[in-house]
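Here's the letter readout for the chains.
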Amino acid sequence: MNDKKKLTLFFTVMVAFNMAASFAHPVTPTLIVERGLDSSMFGVALAAMMMVNFLFSPFWGKLCGYIPTKRIMMFCGIGYAIGQIIFGSAQSEVQVVAGRMFAGIFTGGVFTAFSNYVVNTSPDAKVRGQNLTVMVTIQNVAGACGYFIGGMLGLISVNAAFIAQVIVLSTCGVIFYFVCVDDTPFKHKPEKPLSIREANPFSAFAAARTFMTPMLALIFLIIAVSAIGQNSFEQCFNYYIKDQFHLSSAYNGIFKAIIAVVSLICNSTICLWLVRKTDTNKTFLPIMLLSTATLFIVIPFRSLMAFVIADVVFFTFNAIRLPLMQNLTANRATPETSNQVMGFYQSMNSLGGIFGALFAGLIYDANVMLPFFLAFGTFAVASCISLAYVNRYKKEKSN
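Residues numbered from 1 in each chain as written. Predicted model: local features only at pLDDT ≥ 70, side-chain atom pairs only at ≥ 80, totals over all residues. Heavy atoms only, no water.

Undergrad: Could you give an account of the pattern of salt bridges, with specific residues and numbers?
TA: Following the criterion strictly, the structure yields 2 salt bridges and no others. Between Asp 279 and Lys 397 there is a salt bridge, with its nearest N and O atoms 3.7 Å apart. With Asp 279 in the loop between helix H11 (249-277) and helix H12 (280-295) and Lys 397 in helix H15 (residues 370-398), the pair connects residues that are 118 residues apart, well separated along the chain. Classification of Lys 397 as exposed rests on a relative accessible area of 55%. The salt bridge involving Glu 396 is made with Arg 332; its shortest N-O contact spans 2.9 Å. With Glu 396 in helix H15 and Arg 332 in the loop between helix H13 (304-331) and helix H14 (338-364), this residue pair connects regions lying 64 residues apart in the sequence. (Salt bridge = Lys/Arg side-chain N within 4 Å of Asp/Glu carboxyl O. Helix = DSSP H or I, 4+ residues; strand = E, 2+ residues; numbered from the N terminus. Buried < 20%, exposed > 50% of the residue type's maximum accessible area, 1.4 Å probe, protein only.)

Undergrad: Please set out the packing of aromatic side chains residue by residue, giving values where relevant.
TA: The tally for this structure, following the rule as stated, stands at 34 aromatic pairs. Seen in terms of ring centroids, Phe 307 and Phe 372 are 5.1 Å apart; in terms of plane orientation they differ by 75°. Their pairing is edge-to-face. Taken together, the residues Phe 307 in helix H13 and Phe 372 in helix H15 connect sequence positions 65 residues apart. Each of the two residues, Phe 307 as well as Phe 372, counts as buried. Among the aromatic residues, those joined into a ring-pair cluster are Phe 233, Phe 237, Tyr 240, Phe 245, Phe 255, Phe 307, Phe 314, Phe 315, Phe 372 and Phe 379. Above the ring of Tyr 177, the side-chain terminus of Lys 70 is found at 4.8 Å from the ring centroid. (Phe/Tyr/Trp six-rings, centres within 6.5 Å; stacked < 30°, edge-to-face > 60°. Lys NZ or Arg CZ within 6 Å of the ring centre and 35° of its normal.)

Undergrad: Account for the side chain of Asn 131, with residues named and values stated.
TA: Within the secondary structure, Asn 131 sits in helix H6 (residues 125-156). Polar contacts involving the side chain of Asn 131 include one to the side chain of Ser 122, which spans 3.0 Å. With residues up to four places along the chain from it excluded, the contact list for Asn 131 reads Leu 7, Phe 11, Val 118 and Ser 122. (Polar contact = N/O pair within 3.5 Å; in protein donor to acceptor, adjacent residues only side chain to side chain. Contact = heavy atoms within 4.5 Å.)

Undergrad: Which residues make up a nonpolar patch on the surface, and what are the values?
TA: Together, Phe 148, Met 152, Leu 155, Tyr 251, Ile 254 and Ile 258 line one region of the surface with nonpolar side chains, adding up to about 500 Å² of accessible area. For the nonpolar patch, the secondary-structure elements that each account for two or more residues are H6 and H11. By secondary structure assignment, the location of Phe 148 is in helix H6. Taking relative accessible area as the criterion, Phe 148 reaches 32% and is therefore assigned partly exposed. (Patch = residues over 30% accessible without salt bridge, like charges linked within 9 Å, V, L, I, M, F, W, Y side chains within 5 Å. Areas by Shrake-Rupley, 256 points an atom, 1.4 Å probe, with all protein chains shown as cover.)

Undergrad: Before we move on, can you summarise the packing of H12 against H13 with the specific residues and values?
TA: For any two helices packed against each other, one specifies the inter-axial angle together with the distance between the axes. Running from amino to carboxyl end, H12 crosses H13 at an angle of 155°, the nearest separation of the two axes being 9 Å. Between H12 and H13, the angle falls in the class roughly antiparallel. Where H12 crosses over H13, the handedness of that crossing is left-handed. Contacts between H12 and H13 involve Thr 280, Asn 281, Phe 284, Ile 287, Met 288, Leu 290, Ser 291, Thr 294 and Leu 295 from the former and Ala 310, Val 313, Phe 314, Phe 317, Ile 320, Arg 321, Leu 324, Met 325, Asn 327 and Leu 328 from the latter. Classifying every residue of the contact of H12 with H13 gives 13 nonpolar, 5 polar and 1 charged. (Axes fitted to C-alpha atoms, helices over the stretch in contact; angles between N-to-C directions. Parallel < 35°, antiparallel > 145°, perpendicular 65-115°, else oblique. Left-handed = near helix turned anticlockwise from the far one by under 90°. Nonpolar A, V, L, I, M, F, W, Y, C, P; charged D, E, K, R; others polar.)

Rendered as structure tokens:
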């Protein structure tokens, strides 16, 4: 079997894995309500997961340089499933947080491994950009489809969604090991063996100084700040329509299914065109600005229709934004640093997710609209940083 067919199989299994990763999201508000947990848990639990994801992603990125990434995919797929068993069976706030934190260790690993596998096995920058776009499109579209399936399973019971999730995640983890090529020949081999000191997540995170540049720092800042807004909006939207409009988990799934269809069309056309035909160091800026404008919709207009329109349009733009940002990151890495850079990229997404989910959960009780103000404000800030990046890039190019 040639490498192209292997990559197609990898993407196929990724579809199933990313769908399963979203099975529990639409039923999480129901789990919190049915089990009498504090309403802030919808944000606090995700923040707990994102925190360990943030800490461990650089470690997984470093580890990708030493062992085949397919081995990390298998190990982390199974670990993620175990974490969801703990979460799905939770009867207290402590157990919810424990389950999410355990799962977060391995979600950072599996998604870092995905990015590194695509980067390592792509023959050149052009193909790498296209493959990264396909990968992020799968993550967004399959994730949205997973919301729909999870919402339908939630009509049976919360446990039905979690059981299906655990089975698919663990199965996909094993399948990855057998369908993926060993990417060791395609990546830079570290000069020294991995020591116990370097293996701890804090040392791996500190190693960022070896590859950080001012332009990469700006990209990572944009990623982290916009992740605050994305997670604040997404987590509160899911809980808000349950809490304020009394909609079942099925509606969450239906809205995500609409997003999946629209995102697939846009990524197959607009996003690929931007990657192939434009300088994405400049053209990502209009996408940031449009995303920011979309988040403003729910502030003056607080009807269900306004929230649904904002949800669909924002996550369509987000599906275009994410592969562009990942491609910008990959293009500024060297063969020696690419594994660590992609791990740090995942970590910055998680860092923003920590604050977005945590703040959203904590301020929701004070005023149900505050998380949506936070989402708009952070994207406005990220757009300003994006403008600074584009201006600096133009000066860099002219010199």
